[in-house]
Amino acid sequence: MIGRTRLSEVEEHLEGARAEKALRRIVDEAEIRRAVDEIDNACDAQDWARCRYFFADEVDVDFTQLSGGEPARIKADDLIAAWRTNLFEEKKSFHLRGNHHIIIDGDRAEVFSKGYAFNLLESGEAAGLWEVWGEYVHKLEKTEAGWRVSGMTLKVSHRRGDERVRNYTPET
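Residues numbered from 1 in each chain as written. Predicted model: local features only at pLDDT ≥ 70, side-chain atom pairs only at ≥ 80, totals over all residues. Heavy atoms only, no water.

Chemist: For this particular structure, what's the right way to read the environment of Gly128?
Modeler: Within the secondary structure layout, Gly128 lies in strand β5 (residues 128–143). When the C-alpha positions of Gly128 and Trp147 are compared, they lie 36 Å apart, and in sequence the two are 19 residues distant. Other than its neighbours up to four places away in sequence, Gly128 contacts Asn119, Leu120, Leu121 and Val165. (Helix = DSSP H or I, 4+ residues; strand = E, 2+ residues; numbered from the N terminus. Contact = heavy atoms within 4.5 Å.)

And the structure:
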């Protein structure tokens, strides 16, 4: 038989464990949201090292609704290099994300969010504005260094503007 004092100690321990688990979830959700959002912020700032920091070494990408092709697993370095080429210094970009819905399952997570982005070229042969709205799914893995994006899918809801702006690079 457990005495009253011992029972209250057990209850306090359980309450503390529940609180710790709830706090861990809040911290994980904040770190996951930060990883997803900071990729956008780093792209807009053209800070490619910071952008790369938030990715696992390989990433499953599906941008087929945006640019065709097939879903693929690629090296994060190759993804960042492609973005660096497309979002060159004169091309401005702006990404906005919201309505995050985060599901955590151990050391894996999935984030659903809605996003908006534009690319703007203010001069040159492809001057203009291109915009896209869509729904994103990011998959993340918890590593020793923190949460890292290991998958990224964009389902395009709407786009408008000059596709030449999105596709233009100085070499094309």
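What follows picks up the thread again.
Chemist: Whenever I open this one, helix α4 (residues 76–86) confuses me. Can you help?
Modeler: Every α-helical turn comprises 3.6 residues, leaving residues that sit three or four positions apart pointing alike. Within α4, the full set of buried residues consists of Ala76, Leu79, Ile80 and Trp83. Projection of α4 onto a plane perpendicular to its axis shows the buried side chains occupying an angular sector of 95°, all on one side. (Buried < 20%, exposed > 50% of the residue type's maximum accessible area, 1.4 Å probe, protein only. Arc of directions from axis to C-beta.)

Chemist: How should I be thinking about the pattern of salt bridges in this particular structure?
Modeler: Two side chains of opposite charge can pair, provided their charged atoms sit close to one another. Applying the stated criterion to the full structure yields 18 salt bridges. Residues Arg24 and Glu31 are paired through a salt bridge, measuring 3.8 Å at the closest nitrogen-oxygen approach. Among the residues examined, Glu31 registers a relative accessible area of 35% and is labelled partly exposed. Between Asp40 and Arg97 there is a salt bridge, with its nearest N and O atoms 2.7 Å apart. Of the two residues, Asp40 is situated in helix α1 (residues 4–45) and Arg97 in strand β3 (residues 92–105); the sequence distance between them amounts to 57 residues. A relative accessible area of 12% places Arg97 in the buried class. It is possible to trace a salt-bridge network through shared partners that takes in Arg24, Asp28, Glu31 and Lys142. (Salt bridge = Lys/Arg side-chain N within 4 Å of Asp/Glu carboxyl O.)

Chemist: Whenever I open this one, the pairing of strand β6 (residues 146–161) confuses me. Can you help?
Modeler: Bridge analysis of strand β1 (residues 55–62) against β6 gives four bridges, and the strand direction is parallel. If you follow Asp60 over to β6, its bridge partner there is Gly151. In the sheet, β5 pairs with β6 via 14 bridges, with the strands oriented antiparallel. Looking at the pairing, Glu131 lines up with Arg160 of β6. Taking the residues between adjacent antiparallel strands as the criterion, β5 and β6 are bridged by two residues. (Pairing = 2+ DSSP bridges.)

Chemist: Explanation requested: unusual backbone geometry in the structure shown.
Modeler: Trans peptide bonds make up most of the peptide bonds, and negative phi angles are found at most residues other than glycine. Of note, the phi angle at Gln46 is positive, near 55°, even though the residue is not glycine. Here Gln46 is to be found in the loop between α1 and α2 (48–53).

Chemist: For this particular structure, what's the right way to read the nonpolar core?
Modeler: The nonpolar side chains of a soluble globular protein tend to be buried, and buried together. Counting residues in each nonpolar core, the largest one holds 38 residues, and the members touching the most others are Ile32, Cys51, Phe55, Phe63, Trp83 and Leu140. Where this core is concerned, the elements lending two or more residues are α1, α2, β1, α4, β3, β4 (108–121), β5 and β6. Sorting elements by how many residues they give to this core places α1 first, with six residues. (Core = buried A, V, L, I, M, F, W, Y, C linked by side-chain atoms within 4.5 Å.)

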